[in-house]
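One-letter residues, chain by chain:
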Amino acid sequence: MTLFSRISMMLLCTVFMLAMAEAQSAKKETAENDKHENLGQRIGSIVEDVIDRLEREFSGRSEQPPLKKNVFKQVQSQEPSGDIVTSVAEDSNLTYQGNTVIQKGDTVNTNLVVKGGDLTVYGRINGDVLVVGGDIYIRDGAYIGGNIKVINGEVNKDDDAVVVGYIDRGSSKKGKTYREEEKNFRRSSTKLNANWVNETTNLDNFIFRYNRVEGLFLGAGSEKRYYWDDQRSYSLYGSVGYGFKSRHWRGNLGLSRQFAFDDGQLFEIEVEGHSLTDTKDDWLIGVHENTAAAILIHEDYRDYFRRDGFGVNVGYATQRDYLTGQVKAGYLSDEYWSMENQTEWSIFGGNKRFRPNPAIDNGRMRSIVSSAGLSTVTTTIYGPEGWSMLATAEVADKDFGGDFAFNRYVVDIRRYQPLGRYDNVNIRFRVGTSEGDLPFQKTYEIGGLGTLQGYPFKGEMGNRMLLMNAELIVNGDFLGDLSFWPSWLMRGFNLLVLTDAGIVRNVDANALWTSGFSDMKVSDFRHDVGAGIASRNGSFRLALVWRTDRRDTAHFIFRFSRPF
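Cut-offs applied
Residues numbered from 1 in each chain as written. Predicted model: local features only at pLDDT ≥ 70, side-chain atom pairs only at ≥ 80, totals over all residues. Heavy atoms only, no water. Helix = DSSP H or I, 4+ residues; strand = E, 2+ residues; numbered from the N terminus. Buried < 20%, exposed > 50% of the residue type's maximum accessible area, 1.4 Å probe, protein only. Contact = heavy atoms within 4.5 Å. Phe/Tyr/Trp six-rings, centres within 6.5 Å; stacked < 30°, edge-to-face > 60°. Lys NZ or Arg CZ within 6 Å of the ring centre and 35° of its normal. Pairing = 2+ DSSP bridges. Core = buried A, V, L, I, M, F, W, Y, C linked by side-chain atoms within 4.5 Å.

*Asks:* Can you help me understand the overall build of the protein in this one?
*Replies:* Of the regular secondary structure elements, the protein holds five helices and 34 strands. Residue burial in the protein is summarised as follows: out of 564 residues, 50% are buried. In the protein, the proportion of contacts linking residues at least 24 apart, taken out of those at least 6 apart, comes to 57%.

Set out below in structure tokens:
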């Protein structure tokens with residue numbers, strides 16, 4: 001496909017999205033929207049004020065006793081299916097954020113709180129249930145042994161579901177019109193619940209980071225909001241902060257004009273300007289985890305460059321039930337500069353020194369960037385479950401007025417799959433390819449943290465990449481079936497088995513983006529295996545990882561965020 005054809009297709013998509021956005025905006029009824037907007041704001045302002053009090057009541061820590069409370073005293077009860085369930089202490093609580101599913105065969109032996117999402121129950125809950133800002137769906141065969149309270153949501157119970165306690169509908173939404181106009185608390189939270197959300201839009205109110213090119217960086221930010229309920233038409237976001245070693249201010253400011261319509265969908269037109277200390281390594285490690293590593297163990301796992309410029313894009317996003325999707329296309333105009341190390345301070349690490357921050361290819365880059373993402377990931381009591389898929393394409397050309405000419409394509413596919421009561425499997429496939437001369441800041445690197453964990457960090461670089469990461473997490477409670485095994489030894493811990501495989505290679509810049517893969521052999525891939533312990537959702541982990549191509553010292557892995 002020629003450059004002209006690619007640009008034409010992107011422009012046609014842009015015109016189509018703009019036309020759809022204008023058509024949807026013409027349907028709005030101003031007076032009715034203003035009425036429900038005020039009502040939604042009033043509800044949203046009081047919900048968070050009562051959450052903590054209600055949680056204390058559910059846990060039995062309030063000065064006023066709850067209306068009813070199940071008391072669990074480490075006794076065993078017989079489930080209808082014949083499984084033995086051991087109850088837990090009366091002051092225990094499980095709290096989840098976002099859509100949550102209790103699968104058939106799952107048992108929760110405590111009170112359950114779900115914030116900002118729907119709760120779907122197929123299994124058994126031996127306690128009270130509180131849902132704030134979402135609906136509860138109690139399916140046939142489900143069992144809830146306590147009371148149910150819903151705030152800003154609905155209770156949907158199938159005929160063959162069992163609820164022993166009372167159902168408090170006093171704070172539920174009333175009527176179909178109210179439900180359609182107000183949506184639910186999850187949508188009014190104005191977030192896009194997907195793992196591909198960019199750090200330049202998913203901002204903390206207080207920005208704190210530490211790295212080797214800026215030193216301590218302090219600032220303030222405001223995240224981008226998605227007004228699914230058409231509460232507002234404009235979303236303004238941005239950040240500003242100062243690096244005390246680089247002695248430079250950095251920040252960004254963006255404005256999105258949004259056209260929301262029914263069922264959690266919106267079109268947007270966005271413009272954004274920025275002067276950033278940027279990185280291509282945000283998919284390897286998050287900013288907070290990297291800050292902790294830099295401060296505590298004298299390791300900075302990101303490489304940095306300065307990027308100044310602006311962007312304009314149009315997009316479509318949807319968020320409903322368990323589906324989140326986003327499609328974007330836009331134009332970027334940026335100036336790139338290399339950055340150098342500015343500090344060596346760290347609390348621990350002895351005589352270690354930070355890696356030199358690599359120089360990039362400085363210059364002006366003008367490019368068209370598009371992306372498409374789809375996520376069905378939900379939270380369960382056994383960790384995340386669902387698919388996450390993201391494809392991105394960037395086309396840069398000197399005809400746009402820049403110094404670079406290349407095409408770059410990345411596809412990232414992830415599957416999170418609980419296998420049952422005791423185990424779950426998580427897998428990621430990531431593919432990268434290109435055409436033309438990739439500047440250094442756009443090349444692919446593997447090795448070490450987040451990629452091939454048994455190999456040296458960023459040990460290989462090229463313009464083609466294939467990467468696979470897989471892990472099995474097994475609940476340590478299954479060891480309790482051994483009568484001689486101390487039950488306390490694995491309580492709260494899970495066994496982790498992981499493996500990685502990947503390859504990076506260089507192909508002639510004039511080759512098509514599809515070339516360079518067909519002649520790959522299994523023996524060309526780097527491979528490692530590892531074992532350790534982890535939390536059930538995999539966010540916390542300690543492990544040892546060995547490369548398999550030769551004898552070598554194991555690499556120690558400690559993380560407090562999911563690697564993918």
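There is more to say, and it comes next.
*Asks:* Before we go on, may I ask you to explain the packing of aromatic side chains in this structure?
*Replies:* Two aromatic rings are characterised by how far apart their centres lie and by the angle between their planes. Overall, the coordinates contain 12 aromatic pairs when judged by the stated rule. Three or more aromatic residues joined by ring pairs make a cluster, and in this case those are Tyr242, Phe244 and Trp249. Against the face of phenylalanine 217 rests arginine 209, its NZ or CZ located 3.7 Å from the ring centre. Its end group placed over the ring of tryptophan 337, arginine 306 keeps NZ or CZ at 4.9 Å from the ring centre.

*Asks:* Could you clarify how one ought to interpret the sheet that holds strand E5 (residues 107–108) in this entry?
*Replies:* Whenever strands of a sheet pair, they do so through backbone hydrogen bonds, lying parallel or antiparallel. Within the open sheet, the four strands sit side by side as E5-E8-E11-E14. Their pairing is parallel. Two strands in the sheet have a free side with no partner beyond their single neighbour: E5 and strand E14 (162–163). Across two bridges, strand E8 (residues 124–125) lies against strand E11 (residues 143–144) in parallel orientation. Note that in E11 the partner of isoleucine 125 across the bridge is isoleucine 144.

*Asks:* Looking at this structure, how should I read the pairing of strand E27 (residues 423–436)?
*Replies:* Remark: a regular strand shows side chains that alternate across the two faces of the sheet. Inspection of the sheet shows strand E26 (residues 406–418) paired to E27 by 13 bridges, in the antiparallel sense. Its bridge partner lying in E27, phenylalanine 406 is registered against glycine 436. The hairpin formed by E26 and E27 contains four residues between the paired strands. Judged from the 10 bridges that link them, E27 and strand E30 (residues 464–475) form a sheet pairing that is antiparallel. Directly across from arginine 430, in E30, lies its bridge partner leucine 467.

*Asks:* What is the right way to read the side chain of aspartate 281 from this model?
*Replies:* Residue position: aspartate 281 is located in the loop between strand E20 (265–278) and helix H5 (287–297). Those residues in contact with aspartate 281 that lie beyond four places of it in its chain are Tyr301, Arg302, Asp303, Glu445 and Lys458.

*Asks:* Sorry if this is basic, but what is going on with the nonpolar core here?
*Replies:* Burial of nonpolar side chains together is a common tendency in soluble globular proteins. Counting residues in each nonpolar core, the largest one holds 22 residues, and the members touching the most others are Met365 and Phe406. When residues of this core are traced back to their parent elements, those giving at least two are E26, strand E28 (444–446) and E30. When near neighbours in sequence (up to four residues on either side) are disregarded, methionine 365 contacts Leu332, Ser333, Asp334, Tyr336, Glu394, Ala396, Phe404, Phe406, Pro439, Gln441 and Lys442. Of all hydrophobic cores here, the second largest spans 21 residues; its members include Leu112, Val129, Val150 and Val155.

*Asks:* Would you explain unusual backbone geometry in this entry?
*Replies:* Leave glycine aside and you will find that most residues have negative phi; peptide bonds, for their part, are mostly trans. Its identity is not glycine, yet aspartate 230 carries a phi of approximately 60°, on the positive side. Look at aspartate 230 and you get buried, because its relative accessible area is 14%.

Take it as geometry only, folks, not as evidence of what the structure does.
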